[in-house]
Amino acid sequence: MSVKENLDEIQDRVIRSAEKFGHSWEDIHLVAVTKFVDEDRILQALDWGVKEVGENQVQEIERKMEIFQGAQVHMIGQLQSNKVRKLTHGVALIQSIDRKSLLKEINRIGQRENMIFKGLIQVNNAKEEGKGGVYKEDLPELLDYVESLDHVHIEGLMNIAPFLDDPEEVRPYFRDMRNLFEKISQISYNQIKMNILSMGMTHDYEVALEEGANMVRIGRAIFGERDYSK
Ligand SMILES: *Cc1c(COP(=O)(O)O)cnc(C)c1O
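Since we're looking at a predicted model, the values are computed, not measured. (Residues numbered from 1 in each chain as written. Predicted model: local features only at pLDDT ≥ 70, side-chain atom pairs only at ≥ 80, totals over all residues. Heavy atoms only, no water.)

K.L.:
Where do I start with the site of the ligand in this structure?
P.N.:
Close to the ligand lie Val33, Lys35, Ile76, Ile160, Met201, Thr202, Arg217, Ile218, Gly219, Arg220 and Arg226, which account for all nearby residues. Between the ligand and the protein, one listed contact pairs an oxygen atom with a side-chain N or O atom of Lys35 at 2.7 Å. Within the backbone of Gly219, a nitrogen or oxygen atom sits 2.9 Å from an oxygen atom of the ligand. When the ligand sits alone it has 390 Å² of accessible area, and the protein chains cover 93% of it. (Near = heavy atom within 4 Å. Polar contact = N/O pair within 3.5 Å; in protein donor to acceptor, adjacent residues only side chain to side chain. Areas by Shrake-Rupley, 256 points an atom, 1.4 Å probe, with all protein chains shown as cover.)

K.L.:
What am I meant to see in helix H1 (residues 3-21) here?
P.N.:
Along an α-helix, residues three or four apart share an orientation, since each turn contains 3.6 residues. Here H1 spans 27 Å end to end across 19 residues, near enough to the 27 Å set by a 1.5 Å rise per residue. Within H1, burial applies to Val3, Asn6, Leu7, Ile10, Val14, Ser17 and Ala18. One side of H1 holds all its buried residues, which, seen down the axis, span an arc of 100 degrees. Pointing more than 90 degrees away from the buried face of H1 are the exposed residues Arg16 and Glu19. Looking at the packing, one finds that the buried side of H1 touches strand S1 (29-33), helix H2 (39-48), helix H7 (205-210), strand S8 (215-218) and helix H8 (220-223). At the C-terminal side of H1, Gly22 shows a positive phi close to 100 degrees. (Helix = DSSP H or I, 4+ residues; strand = E, 2+ residues; numbered from the N terminus. Expected span 1.5 Å × (residues − 1). Buried < 20%, exposed > 50% of the residue type's maximum accessible area, 1.4 Å probe, protein only. Arc of directions from axis to C-beta. Contact = heavy atoms within 4.5 Å.)

Quick look at the structure:
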C-alpha cells in the first residue's frame, strides 16, 4: 500500500479509537515518525496532510529540516545534553525530557538564545531498564524543578509502553498515564500545562487512544518497515 493509503486507513482507525474516549480527529495530533524513511515517502506524507513529524536523532532532524518544510518537528528519542544546542532551530517539541541535568541544559540554551523550549516529560511507568523516562515517584520533584526554569514550558507527558505481543496487555500502563496526566492537571503550575498526552505507536496506538492519548507517534504503519541498512 502507498503512504497515502496507509494514512487513510490510520485516520479511520484513529477516529474509531479516539471516539471511545470522547476525542475527535481534530483533538488528535498525528506525529509521523520519519526515522530511516527516504525523502520521497516523507513528501508523500506531507502531501497527504501530515503536519507533525518525529525523529529520534538530532543529526537526522538537522539533515531533514529542509524536507520537512513547514511541518512541526518533534524530538522523540533519548537526548544527550550536549546536543541540545543543535535544537535551537525549529524544533517544536522535545518529547523526551526525563531528568534534571537535561532540563538544566535546555534552560541554559534557551536563556542564551532568548527562546522558550517546549517539551513533554517522558515517564517510564513500567520501570523498564535501559529505556528513557523518569520513574513516577521522581516526577513531582522533576516538575518542581521545571517551575524554577524560565526558558522551558512543559506541555504534557510522553510514554513508551513495553512492547508486548498483545497490545491489550499494555492498556493498564496507558490508563495509568492518563490518571497521572489528570492528576497533574489539577495542580496549578506556571511553567507546566497538561495539554498533550503522547502515547501509542504502530503496535499499540489504538489502545492508547482508547485510554485518552491525544498524540500518537506512528512510523511503520505509515511508511512500512524501516530499512536500517541505509
Ligand atoms: C520509532 C519510534 C516511534 C514509532 O514507532 P513505530 O513502531 O514505527 O510506529 C514512536 N516513538 C518513538 C519514541 C520512537 O522512537
